[in-house]
Amino acid sequence: MKLMAATALTGLVLAVGSISAGAQALPGDFVFLRDIDPTILQDIRYARSNNFVGRRLSGYDAAECVVKRGVGLALKAVQQDVGKQKLSLKVLDCYRPSRASRDMVVWAQNGRETRAERRYNPTLPKKDLFRLGYIAERSQHSTGAAIDLTLVDLAADNSAAFDPAKIYADCTAPEAARAPEGSVDMGTGYDCSDVKSHTAARTITPAQRRWRNTLVAAMAKQGFVNYSKEWWHFSMPGAGGEAYDFPIRRR
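Residues numbered from 1 in each chain as written. Predicted model: local features only at pLDDT ≥ 70, side-chain atom pairs only at ≥ 80, totals over all residues. Heavy atoms only, no water.

## A few points about the pairing of strand β5 (residues 146-153)
Point 1. β5 sits mainly inside the fold: seven of its eight residues count as buried.
Point 2. In this sheet, β5 lies alongside strand β4 (residues 87-93) in antiparallel orientation, the contact comprising six bridges. Directly across from Ser88, in β5, lies its bridge partner Val152.
Point 3. Relative to strand β7 (residues 233-235), β5 runs antiparallel, the two being bridged by three bridges. Along β7, the bridge assignment pairs Ile147 with Phe234. (Buried < 20%, exposed > 50% of the residue type's maximum accessible area, 1.4 Å probe, protein only. Helix = DSSP H or I, 4+ residues; strand = E, 2+ residues; numbered from the N terminus. Pairing = 2+ DSSP bridges.)

## Description of the pattern of salt bridges
Point 1. Applying the stated criterion across every chain yields a total of 18 salt bridges.
Point 2. Between Asp128 and Lys127 there is a salt bridge, with its nearest N and O atoms 3.5 Å apart.
Point 3. Residue classification places Lys127 among the exposed residues on the basis of a relative accessible area of 58%.
Point 4. Among the salt bridges present, the one from Asp185 reaches Arg178, with a minimum N-O distance of 2.6 Å. Each member of the pair Asp185 and Arg178 is classed as buried.
Point 5. Three or more residues joined by partner-sharing salt bridges are found here, namely Asp43, Arg45, Arg48 and Glu181. (Salt bridge = Lys/Arg side-chain N within 4 Å of Asp/Glu carboxyl O.)

## With respect to the packing of aromatic side chains
Point 1. Inspection of the entire model under this criterion finds eleven aromatic pairs.
Point 2. A ring pair is formed by Phe30 and Tyr244, whose centres lie 5.0 Å apart and whose planes are at 80°; its orientation type is edge-to-face. Here Phe30 is found in strand β1 (residues 30-32), whereas its partner Tyr244 is found in the segment after β7, with 214 residues between them in sequence.
Point 3. Since its relative accessible area comes to 18%, Tyr244 is described here as buried.
Point 4. A ring pair is formed by Phe52 and Trp107, whose centres lie 4.9 Å apart and whose planes are at 65°; its orientation type is edge-to-face. Residue Phe52 is found in the loop between β2 (41-42) and β3 (66-68), and its partner Trp107 is found in helix α4 (residues 98-108); the two are separated by 55 residues along the sequence.
Point 5. Residue class for Trp107 comes out buried when judged on its relative accessible area of 3%.
Point 6. An aromatic cluster of three or more residues is present, and its members are Phe30, Tyr95, Tyr244 and Phe246.
Point 7. If you follow Lys229 out to its NZ or CZ, it ends over the ring of Tyr134, 5.5 Å from the centre. (Phe/Tyr/Trp six-rings, centres within 6.5 Å; stacked < 30°, edge-to-face > 60°. Lys NZ or Arg CZ within 6 Å of the ring centre and 35° of its normal.)

## Here's the deal with the nonpolar core
Point 1. Counting residues in each nonpolar core, the largest one holds 57 residues, and the members touching the most others are Leu75, Ile147 and Phe224.
Point 2. Elements with a contribution of two residues or more to this core: β1, α2 (33-36), β3, α3 (69-83), β4, α4, β5 and α6 (206-220).
Point 3. Not counting the four nearest positions on each side in its chain, Phe224 is found in contact with Val71, Ala74, Leu75, Val78, Ile147, Met219, Phe234, Ser235 and Met236. (Core = buried A, V, L, I, M, F, W, Y, C linked by side-chain atoms within 4.5 Å. Contact = heavy atoms within 4.5 Å.)

## What to know about unusual backbone geometry
Point 1. The phi angle at Lys86 is positive, at roughly 60°, despite the residue not being glycine.
Point 2. By secondary structure assignment, the location of Lys86 is in the loop between α3 and β4.
Point 3. You will see that Asp191, though not glycine, has its phi angle at about 65°, which is positive.

## Points about the state of the cysteines
Point 1. This structure, assessed with the given rule, holds two disulfides.
Point 2. Note on cysteine connectivity: Cys65 is disulfide-linked to Cys94, with sulfurs 2.0 Å apart. Looking down the S-S bond of the Cys65 and Cys94 bridge, the torsion is -105°, so its handedness is left-handed. With Cys65 in the loop between β2 and β3 and Cys94 in the loop between β4 and α4, this pair connects stretches of sequence that are 29 residues apart. For the pair Cys65 and Cys94, one class covers both residues: buried.
Point 3. Note that Cys171 is cross-linked by a disulfide to Cys192, the S-S spacing being 2.0 Å. Taking the sign of the S-S torsion, about 65° here, the bridge from Cys171 to Cys192 comes out right-handed. Within this pair, whereas Cys171 is found in the loop between β5 and α6, its partner Cys192 is found in the loop between β5 and α6, the two being separated by 21 residues in sequence. The pair formed by Cys171 and Cys192 is uniform in burial state, with each residue classed as buried. (Disulfide = S-S within 2.5 Å.)

## Details of α6
Point 1. An ideal rise of 1.5 Å per residue puts 21 Å on 15 residues; α6 measures up with 21 Å between its terminal C-alpha atoms.
Point 2. Every buried residue belonging to α6 is among Gln208, Arg212, Leu215, Ala218 and Met219, and all of these are buried. Buried residues of α6, viewed axially, fall in a sector of 135°; they line one side. Turned more than 90 degrees from where α6 packs its buried face, Pro206 and Arg210 sit exposed. (Expected span 1.5 Å × (residues − 1). Arc of directions from axis to C-beta.)

Laid out in C-alpha cells, this is it:
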C-alpha cells in the first residue's frame, strides 16, 4: 500500500511539473493581469496586426497582459471604481519586451510608409515619431510599470470589429469613420501620433474630454501618472526598475 501510494504521489508530482513546465514562468514580480482581475478587458494590439506597424511585434507570442504585481493590484482597484459607473478598463498594451521596441525602431527607419500605417501618424513622417516623443526607444513598458488602456461603456454596443481588408479614415477622424476601438470615444484612436491625442488637446469635443478626464481621475486615484502626449498611457512611479526582454507566452 505504501509503495502504491508513493507511486501515485510521484505520478502526481510529475503531472503537476509537466503542467507547470508548459506555462510561462515570469521573472521578478511580474504577473498575468488575468490572475489578478479577470474582469479587466484585454485587447493586446501588438500581438495582432491591428497596430501602427501592421503586424505582430517581436516578443508578443500571446495576447496576454503582463504587469508588475503592484500595478496589477492598482488596476484591480481602478476597475472596481469605474465599475460603479457601469464601465470597464480595457488594456491595450502592458509589459513590452525590449525586442519589441527594437522592432519599432527598425520599422520607423525602413523608408516605407503604407496607407494603413499613415492612419496612425497622418501629419508626421514615421522617422520623426521617436524624436517627437510619440514612441520610446527605451520604454517604461519594458519595466512592467507602464500600461496603455481605455474605458468601455458596458451598456453600449461594442461589437464592431476591426477588418484588416477595410480602408478606414485616419486616427483623428470622427469615431464612425476610423477603425473601431470597442470603447468610448476618446477623440482619437489608440496609438494615434498627433497633437489631438495629447490628453489636454483643445480640438476634442466636451464629451470626449469628459471621458479622458474620467479615465485620468480614476487612474490618478490609485497612483498612476498620465503621459501628456498620449491619453491612453499611464505609469506607476517607483514600480519599474530594469527593463526586461522575456517574450510573452500563453499562461
